[in-house]
2 protein chains.
Amino acid sequence: MTAFKELMAYQRDTAALAQVAGRLGWDQETVMPRGAASQRAEEAGAMEAVLHARKTDPRIGDWLEQAEAPDAAGTSAIRLIRRYYERGVKVPADLAVAMARLTSRSQGIWAEARAKDDFAGFAPVLEQVVALKRQEAAALAEEGSLYDALLEDFEPGMTEAELEAMFAEMRPGLVRLRQTALDAPEVAPVRGTFAGKSQMKLARSLARDFGYDFSKGRLDKAVHPFSSGSGTDVRITTRVAEDDPFNCIYSTIHETGHACYEQAIDASYLLTPLGQGVSMGVHESQSRIYENQLGRSRAFCSYLYGEMQEAFGDLGVADADGFYAAVNRVHRGYIRTEADEVQYNLHIMLRFDLERSLISGDLAVADLEAAWNDRFKADFGYEVDVASNGVLQDVHWSVGLFGYFPTYSLGNVYAGCLMAALRRAVPDLDAQLEHGELEAATGWLRENVQQHGGLYEPKEVIERACGAAPTAAPLMSYLEGKFGALYPG
Amino acid sequence: MTAFKELMAYQRDTAALAQVAGRLGWDQETVMPRGAASQRAEEAGAMEAVLHARKTDPRIGDWLEQAEAPDAAGTSAIRLIRRYYERGVKVPADLAVAMARLTSRSQGIWAEARAKDDFAGFAPVLEQVVALKRQEAAALAEEGSLYDALLEDFEPGMTEAELEAMFAEMRPGLVRLRQTALDAPEVAPVRGTFAGKSQMKLARSLARDFGYDFSKGRLDKAVHPFSSGSGTDVRITTRVAEDDPFNCIYSTIHETGHACYEQAIDASYLLTPLGQGVSMGVHESQSRIYENQLGRSRAFCSYLYGEMQEAFGDLGVADADGFYAAVNRVHRGYIRTEADEVQYNLHIMLRFDLERSLISGDLAVADLEAAWNDRFKADFGYEVDVASNGVLQDVHWSVGLFGYFPTYSLGNVYAGCLMAALRRAVPDLDAQLEHGELEAATGWLRENVQQHGGLYEPKEVIERACGAAPTAAPLMSYLEGKFGALYPG
């Protein structure tokens with residue numbers, strides 16, 4: 001057997017084990033008995049140790065020296081394996097172990113602090129997380145930027161400088177749109193009680209409309225919606241609030257976007273380094289374009305309005321226009337995950353700036369809550385009331401995810417580029433969406449983005465799909481068109 | 001750290017990984033999307049390879065040489081680890097791999113052959129399984145008996161000779177009871193349509209009655225009922241046939257017995273070698289005593305009769321006596337898993353004798369179907385009609401489980417001993433069972449058997465609980481009392 005074949009066989013087992021570890025996470029969030037949590041932590045830790053040992057096995061280095069790829073997919077696979085391996089060996093084993101131990105503990109401390117709105121209860125452990133994260137970044141970065149080194153885990157090739165420029169381009173337009181919308185009379189939300197069973201039935205039907213293959217996945221309820229797994233076993237979850245059907249509906253469509261990406265990857269890439277979405281930003285572009293550009297479009301809302309009337313009866317809105325306005329209402333709020341398309345990216349910018357300061361050392365954890373609250377006031381115009389609506393609202397930092405937040409906005413930017421290209425490719429898109437026909441749209445995304453998995457670099461896959469390097473301009477133009485019409489000012 | 005501590009820490013991770021692998025099996029049988037089967041085979045194979053490598057890691061040998069146990073539990077733990085390790089290193093790695101590959105394939109071939117009633121389609125692969133199994137037994141046995149070496153995997157310390165004597169003691173009484181019952185007028189089964197939802201609701205309630213802790217487990221539907229997992233995550237499955245409520249009810253009670261054993265093991269043994277049931281025979285003693293000696297008793301049937309009338313209305317039997325007779329009816333049949341308490345052990349004896357002949361080489365696979373059919377005719381008095389009712393009915397041999405079948409009867413024998421001791425310990429047991437009160441019975445089993453996990457050797461735990469070495473006499477006396485009364489002849 002050649003070194004290439006040996007390397008790929010080894011990597012295949014590692015990928016299979018990673019799927020098992022991922023499914024353990026799914027199990028924990030959906031079906032695990034509540035009394036099993038502490039045993040489960042040991043099981044997950046043991047799996048993590050196996051995966052870590054495999055990913056840094058020195059045999060990989062030997063194989064990489066000798067492996068010759070037989071084709072383009074092989075070349076990409078070697079490139080990705082080299083990236084993971086070099087990342088793995090740069091971080092000292094005792095640092096990796098310390099980080100794993102700390103973050104398995106710190107997430108619980110965060111959850112407790114959030115429940116009590118007590119940042120001071122979380123700050124000491126967050127300080128330790130930031131300290132270890134800075135050590136990790138230093139090990140990875142060698143001479144380069146600490147934050148860029150962390151970004152690399154989520155969005156290979158992306159830099160702090162590039163994101164800074166992107167956000168600077170977006171900010172004025174978003175602030176203007178937001179102000180106009182908040183100055184206008186508030187649009188009422190859809191009100192009523194929406195039976196959980198009917199919501200789940202509709203969610204299933206919508207997932208199917210958007211191309212989710214239930215023979216290779218399943219939809220369950222969980223506290224936090226997520227998509228999990230690759231290849232032929234990609235499971236999604238959603239949540240149900242009986243007073244707010246859009247929570248369930250748009251969480252489902254969002255996760256369907258993530259899942260369809262994984263399900264659509266070329267079958268020959270299964271359990272190879274190409275067999276999963278190429279980056280967080282590209283992943284998020286799929287979930288966002290399904291959820292927002294398609295799912296919250298005027299045309300699709302007209303179809304959804306009919307579906308919801310059928311499922312729930314009268315919705316208390318005058319007509320499809322009123323429904324569309326309610327779906328896309330811009331209003332005051334604290335929580336990122338509940339924000340509309342305009343304000344969402346402002347939430348991300350706040351986190352991006354604060355986490356960069358934490359990693360650079362310019363901001364101490366002790367000052368983080370005050371910094372968050374000042375910045376929120378400046379950006380949103382009102383005070384944070386409680387820490388769970390502010391600095392404690394997101395899990396990310398508690399588990400050491402620094403450099404992750406900006407990929408959400410990058411996903412929006414990529415979705416903007418893809419939507420413009422999709423509209424050029426499918427001129428009668430709206431006429432199809434009005435009838436709930438999504439095959440042309442999702443088929444175009446499958447063909448141009450999803451099937452490639454990890455074959456191309458993140459920006460490359462967007463550029464190939466759109467015919468030009470991605471910029472924030474299409475997203476901004478889309479938002480200005482959409483929200484300029486909804487809130488003419 | 002001492003060698004003992006290092007060994008136990010290593011073993012703990014292995015045990016945690018074994019739990020993950022087991023849960024993957026649960027997932028496959030309950031919630032896995034149907035399109036995921038082939039990916040799942042790779043995932044399970046990768047887990048198996050990790051576990052095999054860990055179990056035969058030469059460091060275990062080094063630790064075992066130096067480890068000093070600090071207490072009795074530690075002594076038992078070392079004894080068990082040594083047993084697994086010595087077993088693991090005796091079997092050459094290429095033989096273990098060949099067996100794993102073959103049996104992952106042969107089970108599918110068996111299922112296909114069973115569906116077509118085509119033993120000839122299964123025979124070639126079974127020949128290979130038997131050949132590898134004989135090699136494995138030879139490697140394990142060194143100079144001793146091949147079959148004893150295989151038994152050791154399921155029932156440490158048990159021998160072919162001892163089982164032969166046990167079956168010889170049981171056979172005449174069972175044949176006599178069976179004949180008397182079959183000569184009597186046939187008892188009609190309970191007939192009707194029993195809604196699946198109501199069956200599952202009753203199953204849940206019965207599992208709870210028998211002490212199953214739903215905070216450390218869950219009950220789902222699966223094609224074949226099973227119990228899976230140890231410690232704080234022990235899940236059971238059952239099945240539902242709308243024309244036969246007893247299938248669901250007694251499968252549930254049976255699996256509850258297995259699961260309660262795992263749930264009751266001393267919490268300090270979690271993820272140690274003591275943290276699971278000590279043998280198949282002792283495990284089966286718990287499932288059987290829950291299902292049969294308790295669940296099918298006259299007293300409990302009177303309670304269950306009321307529960308079932310409440311759940312399903314009129315059952316078409318005259319009274320509690322008629323219900324008890326229907327639950328315990330002895331009638332002609334081909335299938336082991338559907339057999340009553342009398343005939344069940346005759347099914348096992350048939351398999352025990354045939355599989356010993358296969359392993360010794362006295363019986364060729366080519367002659368197995370004829371041998372099965374001849375023996376069935378001799379033991380049961382009528383001809384096997386199709387192979388799925390005969391030699392193809394059980395999955396065991398297809399996956400290389402030789403030496404497993406007798407542990408079912410051993411479980412019955414142990415259950416007989418335990419029931420006699422339980423009656424001595426709880427004189428008013430029937431009065432409690434009549435009201436569905438199981439706490440005294442299950443509490444006694446928890447205290448005297450279940451909590452010990454792997455602390456004692458299998459026979460030792462039964463002897464400690466009963467005050468005397470186990471024999472078949474209490475089971476035979478129980479069966480003669482029960483079925484002699486039901487079928488006085």
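About the cut-offs
- Residues numbered from 1 in each chain as written.
- Chains lettered and ligands numbered in written order.
- Predicted model: local features only at pLDDT ≥ 70, side-chain atom pairs only at ≥ 80, totals over all residues.
- Helix = DSSP H or I, 4+ residues; strand = E, 2+ residues; numbered from the N terminus.
- Buried ≥ 20, exposed ≤ 12 C-beta atoms within 10 Å, placed from the backbone.
- Contact = placed C-beta atoms within 7 Å.
- Least-squares fit on C-alpha atoms with pLDDT ≥ 70 in both.
- Pairing = 2+ DSSP bridges.
- Axes fitted to C-alpha atoms, helices over the stretch in contact; angles between N-to-C directions.
- Nonpolar A, V, L, I, M, F, W, Y, C, P; charged D, E, K, R; others polar.
- Parallel < 35°, antiparallel > 145°, perpendicular 65-115°, else oblique.
- Core = buried A, V, L, I, M, F, W, Y, C linked by C-beta atoms within 7 Å.
- Domains from an automatic or database assignment.
- Expected span 1.5 Å × (residues − 1).
- pLDDT = per-residue confidence, 0-100.
- Left-handed = near helix turned anticlockwise from the far one by under 90°.

Caption draft 1: The overall build of chain A, seen in detail. In terms of helices and strands, chain A carries 20 helices and three strands. Across its three principal axes, chain A shows a C-alpha extent of roughly 65 × 50 × 50 Å. Looking at chain A as a whole, 45% of its 489 residues are labelled buried. Contacts spanning at least 24 positions in sequence make up 73% of the contacts within chain A whose residues lie at least 6 apart.

Caption draft 2: View of the relation of the copies chain B and chain A. Between chain B and chain A, the superposition needs a rotation of 179° and an axial shift of 0.0 Å, giving an RMSD of 0.1 Å. Those values place the two copies in the arrangement expected of a two-fold rotation axis. Mapped onto chain A, 100% of the interface residues of chain B are again interface residues, and the two copies thus contact each other with one and the same surface.

Caption draft 3: Structural context of the sheet that holds strand S2 (residues 227–228) of chain A. Residues and elements named next belong to chain A. Reading across from one edge, S1-S3-S2 is the order of the three strands in this open sheet, with mixed pairing throughout. Two strands close off the open sheet at either side, each with one partner strand: strand S1 (219–221) and S2. Relative to strand S3 (residues 235–238), S1 is paired through three bridges, and the arrangement is parallel. Paired with Asp220 across the two strands is Thr237, which belongs to S3. Its contacts with the sheet place helix H10 (residues 245–264) against S2 and S3, and it is angled at close to 165° to S3.

Caption draft 4: Geometry of the interface of chain B and chain A. If you look at the interface, chain B gives 32 residues, while chain A gives 32 residues. Elements with a contribution of two residues or more to the side of chain B that touches chain A: helix H1 (3–30) and helix H2 (37–55) of chain B. Considered class by class, the residues forming the side of chain B that touches chain A number 15 nonpolar, seven polar and ten charged.

Caption draft 5: Just the pairing of strand S3 (residues 235–238) of chain B, in detail. All names here are of chain B. Burial along S3 is two-sided: the residues Arg235 and Thr237 and Ile236 and Thr238 are all buried. Two elements, strand S2 (residues 227–228) and S3, share two bridges in a ladder whose sense is antiparallel. Its bridge partner lying in S3, Ser228 is registered against Arg235. Counting the residues in the hairpin turn of S2 and S3 gives six residues, including Gly229, whose phi is positive at 100°.

Caption draft 6: Quick look at the packing of helix H16 (residues 405–425) of chain B against helix H20 (residues 473–486) of chain B. All names here are of chain B. At their nearest, the axes of H16 and H20 sit 7 Å apart, and the two run at 80° to each other. Comparing their axes, H20 and H16 come out roughly perpendicular. Touching Asn412, Val413, Gly416, Cys417, Met419 and Ala420 of H16 are Pro474, Leu475 and Tyr478, all from H20. Looking at the contact of H16 with H20, its residues break down into seven nonpolar, two polar and no charged.

Caption draft 7: View of helix H7 (residues 146–154) of chain A. All names here are of chain A. Counting buried positions over the nine residues of H7 gives seven, a clear majority of the element. By the burial criterion, the buried members of H7 are Leu146, Tyr147, Ala149, Leu150, Leu151, Glu152 and Phe154. Among the structural elements, helix H6 (119–141), helix H8 (160–183), helix H11 (280–294), helix H14 (341–360) and helix H16 (405–425) are those in contact with the buried residues of H7.

Caption draft 8: Local environment of the environment of B:Leu479. Residue and element names in this part refer to chain B. By the element assignment, Leu479 lies in helix H20. With 21 C-beta atoms packed within 10 Å, Leu479 lands in the buried category. Residues Leu479 and Gly416 lie 63 residues apart in sequence; the distance between their C-alpha atoms is 8.9 Å. Sequence-distant contacts of Leu479, that is, excluding residues within four places in its chain, are made with Leu177, Glu341 and Val342.

Caption draft 9: Region of the structure containing the nonpolar core. In this structure, A:Leu418 and B:Leu418 are the most contacted members of the largest nonpolar core, which totals 251 residues. Each residue touching A:Leu418, except ones within four places of it in the same chain, is listed here: A:Ser285, A:Ile289, A:Leu445, A:Val449, A:Ile462, A:Ala465 and A:Cys466.

Caption draft 10: Quick peek at unusual backbone geometry. Of note, A:Asp117 is a non-glycine position whose phi angle comes to about 50°, a positive value. You can see A:Asp117 is positioned in the loop between helix H5 (93–115) and H6.

Caption draft 11: Main features of the domain arrangement of chain A. Residue and element names in this part refer to chain A. According to the domain assignment, chain A consists of domain 1 (3–153) and domain 2 (154–489). For domain 1 versus domain 2, the distance between C-alpha centres works out to 25 Å. Listed per partner, the contact involves 45 residues of domain 1 and 40 residues of domain 2. Of all the secondary-structure elements, those providing two or more residues to the side of domain 1 that touches domain 2 are helix H1 (3–30), helix H4 (72–90), H5, H6 and H7.

Caption draft 12: Here's a closer look at the sheet that holds S3(B). Residue and element names in this part refer to chain B. Read across the sheet, three strands follow the order S1-S3-S2 without closing on themselves; strand pairing throughout is mixed. Either end of the sheet is taken by a strand with one partner, and the two such strands are strand S1 (219–221) and S2. Those strands touched by helix H10 (residues 245–264) are S2 and S3, and its axis lies near 165° from that of S3.

Caption draft 13: Representation of helix H5 (residues 93–115) of chain B within the structure. All names here are of chain B. Here H5 is 23 residues long and its end C-alpha atoms lie 34 Å apart, about the 33 Å a rise of 1.5 Å per residue gives. Among all positions of H5, only Met99, Ser106, Trp110, Ala113 and Arg114 are buried. In this structure, the buried side of H5 is in contact with helix H6 (119–141). A positive backbone phi angle near 50° is found at Asp117, which sits one or two residues after H5.

Caption draft 14: Focus on the confidence of the model for chain A. Here chain A averages 96 in pLDDT, and 100% of its residues register 70 or above. Reported confidences for the modelled complex are a pTM of 0.94 and an ipTM of 0.93.

Caption draft 15: Quick look at the environment of A:Thr252. Residue and element names in this part refer to chain A. With respect to the helices, strands and loops of the structure, Thr252 is situated in helix H10. Sequence separation between Thr252 and Pro58 is 194 residues; the distance between their C-alpha atoms is 42 Å. Setting aside anything within four residues of it in sequence, one finds Thr252 in contact with Ala203, Leu206, Ala207 and Thr238.

Caption draft 16: Broad picture of the environment of A:Gly443. Residues and elements named next belong to chain A. Mapping Gly443 onto the fold places it in helix H18 (residues 439–448). Taking the number of C-beta atoms within 10 Å as the measure of exposure, Gly443 has 15 and is therefore partly exposed. For the pair formed by Gly443 and Phe210, sequence separation is 233 residues and the distance between their alpha carbons is 9.8 Å.

Caption draft 17: Spotlight on the packing of H5(A) against H6(A). All names here are of chain A. Relative to each other, H5 and H6 sit at 155°, their axes nearing to 9 Å. When the axis of H5 is compared with that of H6, the two are roughly antiparallel. Between H5 and H6 lies a crossing whose hand is left-handed. Of the residues in H6, those in contact with Leu95, Ala98, Met99, Leu102, Thr103, Ser106, Ile109, Trp110, Glu112 and Ala113 of H5 are Phe119, Gly121, Phe122, Val125, Gln128, Val129, Leu132, Gln135, Glu136 and Ala139. Residue classes in the contact of H5 with H6 are distributed as 13 nonpolar, five polar and two charged.

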